[in-house]
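Below are the chains, spelled out letter by letter.
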Amino acid sequence: MYVWPCAVVLAQYLWFHRGSLPGKAVLEIGAGVSLPGIMAAKCGAEVILSDSSELPHCLEICQQSCQMNNLPQVHVVGLTWGHVSRDLLALPPQDIILASDVFFEPEDFEDILTTVYFLMQKNPKVQLWSTYQVRSADWSLEALLYKWDMKCVHIPLESFGADKGDIAESALPGRHTVEMLVISFAKDSL
């Protein structure tokens with residue numbers, strides 16, 4: 001398991017907005033090693049970490065991240081994108097959903113947005129704070145966002161100090177162009 005560049009950029013965004021996080025209900029989906037969720041918890045948010053219920057190793061990594069960071073109050077739940085489960089149904093309304101590099105495989109995009117849409121039904125003001133690595137100019141969320149009545153705002157990395165080489169760069173192979181998005185319900189939904 002790695003801390004991918006997208007996780008570092010999203011953690012930087014959380015740190016930049018740390019004053020607004022105390023008491024917020026925050027869910028990280030596809031958490032993996034959980035850097036953004038851990039940052040949110042350290043900044044005072046009430047955090048739930050999630051990864052696929054079909055990948056128990058990933059859920060164990062989330063638990064280990066909580067233990068290593070002395071965060072026993074952070075809950076870990078198994079959520080599989082696109083599946084309605086007891087754990088998904090039991091989640092309380094969230095203020096912020098974190099998603100670091102979950103838009104990786106185009107065949108997962110709709111399942112991710114289906115899960116986010118379900119959570120937005122519980123709190124129509126919830127925002128999805130997401131970072132993703134640009135992998136192909138052919139991949140787009142635009143049609144799916146329209147289908148699910150959501151809108152997206154691109155956040156320039158320089159607006160929160162994440163455009164520095166030591167933030168988004170990685171020793172991992174490949175190109176690492178990272179983008180930051182805030183996704184919410186389209187205005188006429190509220």
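The structure this text deals with has already been given above.
So, a few notes on the structure that sits alongside this text.

Criteria and thresholds
- Residues numbered from 1 in each chain as written.
- Predicted model: local features only at pLDDT ≥ 70, side-chain atom pairs only at ≥ 80, totals over all residues.
- Heavy atoms only, no water.
- 1 Å grid on protein atoms, 1.4 Å probe; cavity = no way out; pocket = protein on both sides within 12 Å on 5 of 7 lines; lining within 4 Å.
- Points joined across faces, edges and corners; volume = space filled by probe spheres on them.
- Nonpolar A, V, L, I, M, F, W, Y, C, P; charged D, E, K, R; others polar.
- Helix = DSSP H or I, 4+ residues; strand = E, 2+ residues; numbered from the N terminus.
- Core = buried A, V, L, I, M, F, W, Y, C linked by side-chain atoms within 4.5 Å.
- Buried < 20%, exposed > 50% of the residue type's maximum accessible area, 1.4 Å probe, protein only.
- Contact = heavy atoms within 4.5 Å.
- Expected span 1.5 Å × (residues − 1).
- Arc of directions from axis to C-beta.
- Salt bridge = Lys/Arg side-chain N within 4 Å of Asp/Glu carboxyl O.

**Regarding the layout of surface pockets**
Next up, step 1: Space inside the largest pocket adds up to approximately 570 Å³.
Next up, step 2: Residues of the lining of the largest pocket, tallied by class, amount to 15 nonpolar, 6 polar and 7 charged.
Next up, step 3: Taken as a whole, the second largest pocket spans an internal volume of roughly 350 Å³.
Next up, step 4: The wall of the second largest pocket is formed by 18 residues, among which Tyr132, Trp139, Ser140, Leu141 and Glu142 lie closest to the centre.
Next up, step 5: Going through the elements one at a time, β5 (127-133), α6 (142-147) and β6 (150-155) are the ones with two or more residues in the lining of the second largest pocket.
Next up, step 6: Class assignment of the residues belonging to the lining of the second largest pocket gives a composition of 12 nonpolar, 4 polar and 2 charged.

**Remarks on the nonpolar core**
Next up, step 1: Counting 31 residues, the largest nonpolar core has Val47, Leu49, Leu98, Trp129, Phe160 and Met180 as the members making the most contacts within it.
Next up, step 2: Contributing elements (two or more residues each) for this core: α1 (5-16), α2 (35-42), β2 (46-51), α3 (56-68), β4 (96-100) and β7 (178-185).
Next up, step 3: When residues of this core are assigned to their parent elements, the largest contribution, 5 residues, is made by α1.
Next up, step 4: Setting aside chain neighbours within four positions, we find leucine 49 in contact with Glu28, Ala31, Ser34, Gly37, Cys62, Cys66, Val74, His75, Val76 and Val77.
Next up, step 5: One finds Ile97, Val102, Phe103 and Trp148 within the second-largest nonpolar core, a separate group that totals 28 residues.

**A closer look at helix α5 (residues 109-122)**
Next up, step 1: With 14 residues, α5 extends 21 Å between its outermost C-alpha atoms, agreeing within 8% with the 20 Å of an ideal straight helix rising 1.5 Å per residue.
Next up, step 2: Listing the buried residues of α5 in full gives Phe109, Ile112, Leu113, Thr115, Val116, Leu119 and Met120. One face of α5 carries all of its buried residues, which in axial projection span an arc of 155 degrees.

**Details of the pattern of salt bridges**
Next up, step 1: In total, this model carries 1 salt bridge according to the counting rule given.
Next up, step 2: Ionic pairing is found between glutamate 110 and lysine 147, a salt bridge with its closest N-O pair at 2.5 Å. Highlighted residues: glutamate 110 in helix α5 and lysine 147 in helix α6, separated in sequence by 37 residues.
Next up, step 3: Judged by its relative accessible area of 26%, glutamate 110 falls in the partly exposed class.

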